[in-house]
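Structure at a glance
What follows is each chain in one-letter form.
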Amino acid sequence: MTADHSEAPDPAQLAQAIEEILGELAAAGERAGRSGEELVRVLMQFYGAGLEQLVSVVRVAGGDDLVHRLSGDPLVSALLALHDLHPVDLPTRVGHGLNTARRRLGSHGAGIALDHLELDTGTVYVSLGGGGCGTGDTVRDVVRKALGELTPEIVAIEFLTEPAGPALIQIGMRPPELAAGS
């Protein structure tokens, strides 16, 4: 039987399913919740160790280029990132994610910029201002999705909006009766 890659699981959906199951275990009692969290930790260590060995073998057999090609797959990329094995560093992937959001938004994404990244907290601060950048929910959703695809280890995305500039004053033509009296 061959694997059908067209139905690869979505990493975000899998993460959500894990959170829901852990929530159900926690609701069943404190002991069940702790046991569920410990099971997830042990499984993460197990899979992380296996992935680390796999990446080492791939590097020896095919070089860093092959590891980069593998990380192009969203599911593989998410697994490598979660186990700190991704060949591209987090700040670079954040930059790629913001570029992806800008492309998806066209002219509405022109003002999206990285304000700063807090590696210790896993928080990305994104500036939404200037350059015709929209600041609505759609812009934020596109940024969240693009960053989520490339940086699954990010814990939070904070949006900073620049204060609006001075109000524009509309200058129109004088009505003809006033223009003639000047």
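Residues numbered from 1 in each chain as written. Predicted model: local features only at pLDDT ≥ 70, side-chain atom pairs only at ≥ 80, totals over all residues. Heavy atoms only, no water.

This paragraph deals with the sheet that holds strand β3 (residues 156-161). Read from one edge to the other, the open sheet built from three strands follows the order β1-β2-β3, with strand pairing classed as mixed. The sheet is open, and its two borders are formed by β1 (112-118) and β3, each paired with just one other strand. Across the sheet, the axes of successive neighbouring strands diverge by a mean angle of 25°, strand direction being ignored. Where β1 and strand β2 (residues 123-128) come together, six bridges link them in antiparallel fashion. Within the sheet, the bridge partner assigned to L117 lies in β2 and is V124. Against the sheet, helix α4 (residues 90-105) contacts β1 and β2, and its axis sits at roughly 155° relative to β1. (Pairing = 2+ DSSP bridges. Helix = DSSP H or I, 4+ residues; strand = E, 2+ residues; numbered from the N terminus. Axes fitted to C-alpha atoms, helices over the stretch in contact; angles between N-to-C directions. Contact = heavy atoms within 4.5 Å.)

Within the chain, D84 stands out as a residue other than glycine whose phi angle is a positive 55°. In this fold, D84 is placed in the loop between α3 (74-82) and α4. Looking at D84, the relative accessible area reads 72%, which means it is exposed. (Buried < 20%, exposed > 50% of the residue type's maximum accessible area, 1.4 Å probe, protein only.)

So, on to the layout of surface pockets. By rolling a water-sized probe across the atoms, one finds the places where empty space is left. Here the second largest pocket defines a volume of roughly 160 Å³. As for the second largest pocket, its lining consists of L51, L54, V55, V58, V67, L70, V76, L79 and L80. Contributions of two or more residues to the lining of the second largest pocket are made by α2 (30-70) and α3. Element by element, the count of residues in the lining of the second largest pocket is highest for α2, at six residues. Of the residues assigned to the lining of the second largest pocket, the class counts are nine nonpolar, no polar and no charged. (1 Å grid on protein atoms, 1.4 Å probe; cavity = no way out; pocket = protein on both sides within 12 Å on 5 of 7 lines; lining within 4 Å. Points joined across faces, edges and corners; volume = space filled by probe spheres on them. Nonpolar A, V, L, I, M, F, W, Y, C, P; charged D, E, K, R; others polar.)

The subject of this paragraph is the pattern of salt bridges. As enumerated under the stated definition, the model contains seven salt bridges in all. With a shortest N-O distance of 3.1 Å, R41 and E38 are connected by a salt bridge. Residue R41 and its partner E38 are both found in helix α2; the two are separated by three residues, about one turn of the helix. Judged by its relative accessible area of 46%, R41 is partly exposed. Exposure remark for E38: the relative accessible area of 39% places this residue in the partly exposed category. A salt bridge links R144 to D141, with the shortest nitrogen-to-oxygen separation between them at 3.1 Å. Remark: D141 and R144 occur in helix α5 (residues 137-150); sequence separation between them is three residues, near one turn of the helix. Overall, R144 belongs to the partly exposed group, its relative accessible area being 40%. On the accessibility criterion, D141 (45% relative accessible area) is partly exposed. (Salt bridge = Lys/Arg side-chain N within 4 Å of Asp/Glu carboxyl O.)

Along the chain, L22 turns up in helix α1 (residues 11-27). L22 sits eleven residues away from G33 along the chain, and the two C-alpha atoms are 6.4 Å apart. Those residues in contact with L22, other than ones at most four positions away along the chain, are G36, E37 and V40.

Interpretation in functional terms is not warranted from these geometric data alone.
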